[in-house]
Structure formats: structure tokens, C-alpha cells
Amino acid sequence: MTGTTHVVVIGGGYAGVMAANRLTRRDDVAVTLINPRPDFVERIRLHQLAAGTHDAVVEYRKVLAGRVRLTVDTVTAIDVPGRRVTCASGDTVGYDYLIYAAGSAAGEARVPGAAEHAHPVTTLEEARRLRDVLAAVPAEAAVTVVGGGPTGIETAAELAERGRAVTLVCGGALGPYLHARGRRSVAGRLAALGVTVLAGPGTRVTEVTRDAVRLADGSELPSAVTVWTAGFGVPDLAARSGLSTDVLGRLRTDETLTSLDDVRIVAAGDAAAPSDLPLRMSCQAATRIGAHAADTVLNRIAGERPAPLDLGFFGQCISLGRRFGIFQFAHRDDTATRFHLAGRPGGRLKEFVCVQTVEHLAKEARKPGSLKWVKDASRRARLDARRAPAAPERVA
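On a predicted model such as this, the values are computed, not experimentally measured, just so you know.

1. Examining the overall build of the protein
Reasoning step 1: A tally of helices and strands in the protein yields 10 helices and 25 strands.
Reasoning step 2: Taking 396 residues into account, the globule formula puts the C-alpha radius of gyration at 21 Å, and the protein, at 22 Å, falls close to it.
Reasoning step 3: Here the C-alpha coordinates of the protein stretch approximately 65 × 65 × 40 Å along the principal axes.
Reasoning step 4: The 396 residues of the protein split such that 52% are buried.
Reasoning step 5: Long-range pairs, those at least 24 residues apart, make up 64% of the contacts in the protein with a sequence separation of at least 6.
Reasoning step 6: Distance between charge centroids for the protein: 6 Å, based on 51 positive and 42 negative side chains.

Structural data, given as C-alpha cells:
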């Protein structure tokens, strides 16, 4: 390939920004990042925005390489044969390669009343609306947070620390990712903050009304404000554009993150489903997958064979208010170990991770190619085991 290669990156979150910055390693690559907002959103701080303790945005000039052209718009369609994207403004942008980093948001709330009466907290606009809703009700008004994962735990803790009367409805286990030891630590801190935690199968939400939440065990909780953190979904842009997706709408790729339909399209972040074995949705994975997606494109431009994905995890960190938190250590295959760091040290580490995540983006803008990450050789073994033919059934 000769001349300038134009790469369009859809989505300016953790994965998209990392990919765009890393692409500037080559002087003959022009990069356009298309994002609906003019500022970078620190998604891992949106619960703080809702509680009024952080604004959760960073100016793009602080995290985006100067050579990357930022277009504030929303991609509405991908013309795969024509190698063009169409935006909500009506503009079209051509590309030689496309990195699909459309991200994720709250999943479709199928529980009756949830869409009308519950407030998600997965986008900047949602978090701002929730902050305004909370400001309009008395401090003692009952707040129900639905979802026992990291977002639910962090939101419940943040609001309780601000003096809110919070009930956390898990719909199953509290912190399913956590080891039992870490789960006990989180439960203890939530109790100290005054959060009522409802866990177990009977806590599945069956209906949300304007002022109550009904559970599978028949109980009803008064709720002036209901926050919905149960589940994530991805935009349907890839599916609407005729690309192969999994059941959640993530773009199906091979292990190099290349689309199964077109070698010019590479996926990154939450919207990627490599080998139908997607990684956990997290900023930890998003930045590394974004870097790998960029490397795949750069390999193809150079006429080299892209490497397969090789990403290991080191754990999960959860804030429990502004001073406390927990870091749950994990094996490289992203399964929790029995070790965790809790209390104030855990809180300081969580804040360090939040700050360093932005710094990783800024450093990649200054020095593209600088990000390194933990590897996980077991992924290949898991893929091989899944692809192996089943043993024939023995006949007695």
C-alpha cells in the first residue's frame, strides 16, 4: 500500500482513544476519531458524577494525539463495500481501515416499568440526569440500586456516603466476580455505610413503578429513585450495517480482532467478540484491546501478519465511597483469587487506577506504542478445548 492510509475509529472511549493514539506510530497514517461528545468521558467515574463528587470528563486535548482528527458526530451506518461511514449530521467519511470501538451502554431493561421509571448510569447523559433527579428529592428519600455488580456496588456506596438511604438489590450474588473473602469485605463496608443489601435468587426485580420496586419473593420496596445497573448492551450499528454479530450485538472477529466479514474492519473494546469468546467488559480490557486493534491495522498496512490476541487480567477494583475500596486479585484468565486489598489502601489503589487509566491514554498520545500489558497463554488452550470434537458417547 502506498500513500496515506486513512483509518476511521468509531467511538472515543477507552478503546477508541487508545487505538487512535497508537495508530500515529506511522507518519503515513491519517486517523479520524468520530465520537458523539466533545470531551472524553471517564466512564469508571460516572457513579461519582451521579453522586456529585466528580464531573467524569477530561478534555480530549489531554488524552488524544495532536495528529488525530476529532469529529464530533454519531455514526449511523457503515457502508462496508463502499468503505464509508454515514453520520447523523449527514456527512460521510471514507476509510481504508475501520476500527469499530462503539462501546457499550445499559442493556435493554425487560423488567416491566424499568425503562419508564428506573435510571441507568452508563453514559454521561444518564449520570447527569440521575444527579439532577437525586437533587430534586429529599436526602432521606429511599433510593434503590438494582444490580450487584461493580457499578451497582460503587453507586450504592457513593450515594450512601453522601447521606442517602440506599438499598442495593443484587438479583443474585453480591459481586459475582469476587472471591468469597472479597465479597465479605465488600458486604462489611456497605453495612458500615448503612446500605441495605438484598442478595439471593428471591431478590430478582419483577417490576419497577414510579415509587416502588417489586421482587420475585413477593416483597415490595418503597423507592423514590431507582437506579438500574443490571446488565450491559452494545449499539446495534454493526448489525444494522450487515456485519456478523453475537447475540448481544458485539462484532464477531477472529483472534486478531479482524471482522469475520471484512479484513478492513477491526473491532476494539466492549463491542468486540473475538472468536465468540469476548473478554470481560472493563476499561482494563478496553485499553489493551484498543492497542491490539491498532497493532492489527498497522501490521496489515505494513504487509505483515497480525498477531492473535494475548491479554491477561490482574484483577478488579471497586470503590466503596471516596476513601475506601477493594482490589480483588485475579489469575491471568480473569478468575478471582483468594487475595484482596481492602479498606483505605484499597480505596487509594482504586483512585490510582482511575488516574493511571487516563495517564495511559495521554502517554500513548505522546509516545505511541508505549502501552504494554499482561499476557494470558491459557486463552489459546480454552479456544482449542472448545473447538475440540466431543468424545463419542459410550454405549453400555
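2. Regarding the pattern of salt bridges
Reasoning step 1: Inspection of every chain in the model, using the stated rule, returns 24 salt bridges.
Reasoning step 2: Residue aspartate 211 pairs with arginine 210 through a salt bridge whose shortest N-O separation is 3.9 Å.
Reasoning step 3: Between glutamate 351 and arginine 322 there is a salt bridge; the shortest N-O distance is 3.8 Å. Remark: arginine 322 occurs in the loop between β23 (315-319) and β24 (325-330) and glutamate 351 occurs in helix α9 (residues 343-366); sequence separation between them is 29 residues.

3. Describing helix α8 (residues 283-301)
Every α-helix carries 3.6 residues per turn, so stepping three or four residues along brings you back to the same face.
Reasoning step 1: With 19 residues, α8 ought to run about 27 Å at 1.5 Å a step, and its terminal C-alpha atoms sit 27 Å apart, in line with that.
Reasoning step 2: Among the 19 residues that make up α8, 18 are buried, leaving the element largely enclosed by the rest of the structure.

4. Here we look at the packing of aromatic side chains
Reasoning step 1: The full count for this structure, using the stated rule, is four aromatic pairs.
Reasoning step 2: On the numbers, 6.2 Å between centres and 70° between planes, the contact of phenylalanine 40 with tyrosine 60 is edge-to-face. Within this pair, whereas phenylalanine 40 is found in strand β3 (residues 39-41), its partner tyrosine 60 is found in the loop between β4 (57-59) and β5 (68-72), the two being separated by 20 residues in sequence.
Reasoning step 3: Residue class for tyrosine 60 comes out buried when judged on its relative accessible area of 5%.

5. Re a positive patch on the surface
Reasoning step 1: On the surface, Lys363, Lys367, Lys372 and Lys375 cluster together into a patch of positive charge.
Reasoning step 2: Structurally, lysine 363 is set in helix α9.
Reasoning step 3: Residue class for lysine 363 comes out partly exposed when judged on its relative accessible area of 40%.

6. As for the sheet that holds strand β15 (residues 205-208)
Reasoning step 1: The antiparallel open sheet is built from three strands, whose spatial order is β15-β16-β17. Where the open sheet ends on each side, the last strands, each with one partner, are β15 and β17 (220-222). Neighbour to neighbour, the strand axes of the sheet diverge by 20° on average, direction disregarded.

7. Topic: the nonpolar core
Reasoning step 1: Core analysis: the largest hydrophobic core is formed by 46 residues, its most contacted members being Val17, Leu23, Phe40, Val63, Ile99 and Val297.
Reasoning step 2: The dominant element in this core, judged by the number of residues it contributes, is α8, at 10 residues.
Reasoning step 3: The residues contacting valine 297, other than those within four sequence positions of it, are Val7, Leu23, Tyr97, Ile99 and Val266.
Reasoning step 4: Core analysis: the second largest hydrophobic core is formed by 33 residues, Leu49, Ala50, Cys170 and Ile326 among them.

8. As for the environment of leucine 243
Reasoning step 1: Relative to the elements of secondary structure, leucine 243 occurs in the loop between α7 (237-240) and β20 (251-253).
Reasoning step 2: For leucine 243, a relative accessible area of 7% translates into the label buried.
Reasoning step 3: Spatially, the C-alpha atoms of leucine 243 and isoleucine 78 are 9.1 Å apart, while their sequence positions differ by 165 residues.
Reasoning step 4: Every residue in contact with leucine 243, bar those within four places of it in the chain, is listed here: Ile78, Val80, Ala238, Leu251, Ser259, Asp261 and Ile265.

Cut-offs used in this document
- Residues numbered from 1 in each chain as written.
- Predicted model: local features only at pLDDT ≥ 70, side-chain atom pairs only at ≥ 80, totals over all residues.
- Heavy atoms only, no water.
- Helix = DSSP H or I, 4+ residues; strand = E, 2+ residues; numbered from the N terminus.
- Rg over C-alpha atoms; globule rule 2.2 N^0.38 Å.
- Buried < 20%, exposed > 50% of the residue type's maximum accessible area, 1.4 Å probe, protein only.
- Contact = heavy atoms within 4.5 Å.
- Lys, Arg positive; Asp, Glu negative; His and termini not counted.
- Charge placed at Lys NZ, Arg CZ, Asp CG, Glu CD.
- Salt bridge = Lys/Arg side-chain N within 4 Å of Asp/Glu carboxyl O.
- Expected span 1.5 Å × (residues − 1).
- Phe/Tyr/Trp six-rings, centres within 6.5 Å; stacked < 30°, edge-to-face > 60°.
- Patch = residues over 30% accessible without salt bridge, like charges linked within 9 Å, V, L, I, M, F, W, Y side chains within 5 Å.
- Areas by Shrake-Rupley, 256 points an atom, 1.4 Å probe, with all protein chains shown as cover.
- Pairing = 2+ DSSP bridges.
- Axes fitted to C-alpha atoms, helices over the stretch in contact; angles between N-to-C directions.
- Core = buried A, V, L, I, M, F, W, Y, C linked by side-chain atoms within 4.5 Å.

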